[in-house]
Amino acid sequence: MVLKTNNWKTIVAAAFVAVSLTACGTASNGGGSDAAKYPEKPLVITAPSGAGGGWDKTARSLSKVLGEAKLVDQTMTVENKPGGGGTVFLAEYVAKDKDDPYKLFVSSPPILINNLKKEGNSPYGYKDVTPLAQITKDYGAIAVAADSKYNDIQALIDDIKADASKVTLAGGSAPGSMDHLISVLPAFKSGVDPKTIKYLSYDGGGEAIAALLGKNADAIGTDISSLGSYLKAGKIKILAVTSNERLGGDFKDVPTLKELGLDAEFTIWRGVLGPKGMTEDQIAFWDKTLKALSENEAWNTELKANDWASEYKNSTDFAAFLAEQEVVVQELLTALGMQK
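Note that this is a predicted model, so its numbers are computed, not measured.

S.K.: Hey, could you go over the pattern of salt bridges for me, with residue numbers and the actual values?
M.R.: Overall, the coordinates contain 17 salt bridges when judged by the stated rule. Between Arg246 and Glu259 there is a salt bridge, with its nearest N and O atoms 2.8 Å apart. On the criterion of sequence distance, the pair formed by Arg246 in the loop between strand E9 (236-241) and strand E10 (265-275) and Glu259 in the loop between E9 and E10 is long-range, its members being 13 residues apart. Lys252 is the partner of Asp253 in a salt bridge, and the nearest nitrogen-oxygen pair spans 3.5 Å.

Given below as C-alpha cells:
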C-alpha cells in the first residue's frame, strides 16, 4: 500500500505500502526434465485469513482464472488459514513448506508490518519466502452500517475528537496492521493521536464486517473491494476512500479523503508468493504464467467484478519493490513507537 501525507509523510505514508518480500528465489535444481514438468501435481493457494476478505477473494479469483484460462493445467485448491493477521499461517508455512513449490499464498502489506512491529509480531517476513508477482492494487475505505448516525467522515472524526473511548473502529487485521492504519488515518490526519483510538481486530474482512453489522463496531477500515456487495445490498454506507481520485462503478459517489480536505492516499497491493526454496525454473514458470494472467481478458473481467485495479510486477521487480518498502515501514513503525 502506498500512503501520502504531509506530516508523518515518511511514516504513515510508508506503512500502507509495506509488506512482503524475499530473495527472488535461489535455487537451482531446475534441470531439464524436472523443470519442464513443473507443475506436475495439484497446487494449493492459501489465503492467510478467513473467508470474505481481500486475501480470500484474491486467492479464489486467481485460481479460478488460471484454471479456466488453461494457464495452469493442474488442479488448484484454495484454503483459508486465519490467525494473527497472517502470522499464524506464515510461521507454519516457513517451518513446514519452505521446500514445497506446490504451496503458494497471497499476501499484501501485512507481511512486512507484522515482521517489523513490536506487539503481535511475526519472526518471519519477506526474506523467508519468494515473491512471485504483484497482481492487483486496491484502496482503503471507511464504512459504517446503513442505519448508522454517521453520514460523512467529518461527523465520525468529530465524535472521536470529543471522546475517543466512545467510538469503536474495527478491521480484519491485528493492531498496527493495514486495516488498523486505514481505520485511524482520517482522525490522525485531523490531529487525533492514533494511540487513543479504540480499535478491534478480527481475522479477516468478513469478520470485521459482521462485527459492524452486528453493532459491535461503529465503523471499519478495510479494502474497498471487499465492500461492494454490502453496498449494493444496502447494508453499509462508505464514508470515504483512500484513492487519489474517485473510483468508478458502484463507488462513484464515495468521496476521497483528499477531496474532504485530508491529504492522504492509501494504496493496497496484493501479490502471490511461494516458499523460499523455489528454483529459478519454478520462478520462471510463474513469471511467464502470471504475466499471461495479467494480460488475460478473463482476469480483467475478474478485476472489474471485484473492484480491483491491475498492477503487475514480475518476481524480480516485486522483490525490489518490497525491499524498498521494508525500509519505509521500519521508519513508520519507529516513529509510531511500534517497532521491535
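On we go.
S.K.: I'd like a description of the pairing of E9, backed by residues and values.
M.R.: Most of E9 is tucked away: 6 of the 6 residues are buried. The pairing of strand E5 (residues 129-145) with E9 spans 5 bridges and is antiparallel. What sits directly across from Ile142, in E9, is Ala240.

S.K.: Tell me about the packing of helix H3 (residues 54-68) against helix H11 (residues 297-305), residues and numbers included.
M.R.: Interhelical geometry of H3 versus H11 gives an angle of 155° and a closest axis separation of 9 Å. Relative to H11, the element H3 is oriented roughly antiparallel. The interaxial crossing formed by H3 with H11 has right-handed handedness. Seen from H3, the contacting residues are Ser61, Leu62, Lys64 and Val65; seen from H11, they are Ala298, Trp299 and Glu302. Looking at the contact of H3 with H11, its residues break down into 4 nonpolar, 1 polar and 2 charged.

S.K.: Got a sec to walk through unusual backbone geometry? Specific residues and values, please.
M.R.: Cis geometry is adopted by the peptide bond preceding Pro39, which originates at Tyr38 and carries an omega value of -10°. With respect to the secondary-structure elements, Pro39 resides in the loop between helix H2 (32-37) and strand E2 (43-47). The phi dihedral of Lys70 falls on the positive side, at around 60°, and the residue is not glycine. Inspection of the secondary structure assignment puts Lys70 in the loop between H3 and strand E3 (76-80). For Lys70, a relative accessible area of 66% puts it in the exposed group. Positive phi outside glycine occurs at Asp307, with the angle close to 60°. Position of Asp307 among the secondary structure elements: in the loop between H11 and strand E11 (309-313). Note on Asp307: relative accessible area 23%, which makes it partly exposed.

Thresholds, definitions, all that
- Residues numbered from 1 in each chain as written.
- Predicted model: local features only at pLDDT ≥ 70, side-chain atom pairs only at ≥ 80, totals over all residues.
- Heavy atoms only, no water.
- Salt bridge = Lys/Arg side-chain N within 4 Å of Asp/Glu carboxyl O.
- Helix = DSSP H or I, 4+ residues; strand = E, 2+ residues; numbered from the N terminus.
- Buried < 20%, exposed > 50% of the residue type's maximum accessible area, 1.4 Å probe, protein only.
- Pairing = 2+ DSSP bridges.
- Axes fitted to C-alpha atoms, helices over the stretch in contact; angles between N-to-C directions.
- Parallel < 35°, antiparallel > 145°, perpendicular 65-115°, else oblique.
- Left-handed = near helix turned anticlockwise from the far one by under 90°.
- Contact = heavy atoms within 4.5 Å.
- Nonpolar A, V, L, I, M, F, W, Y, C, P; charged D, E, K, R; others polar.

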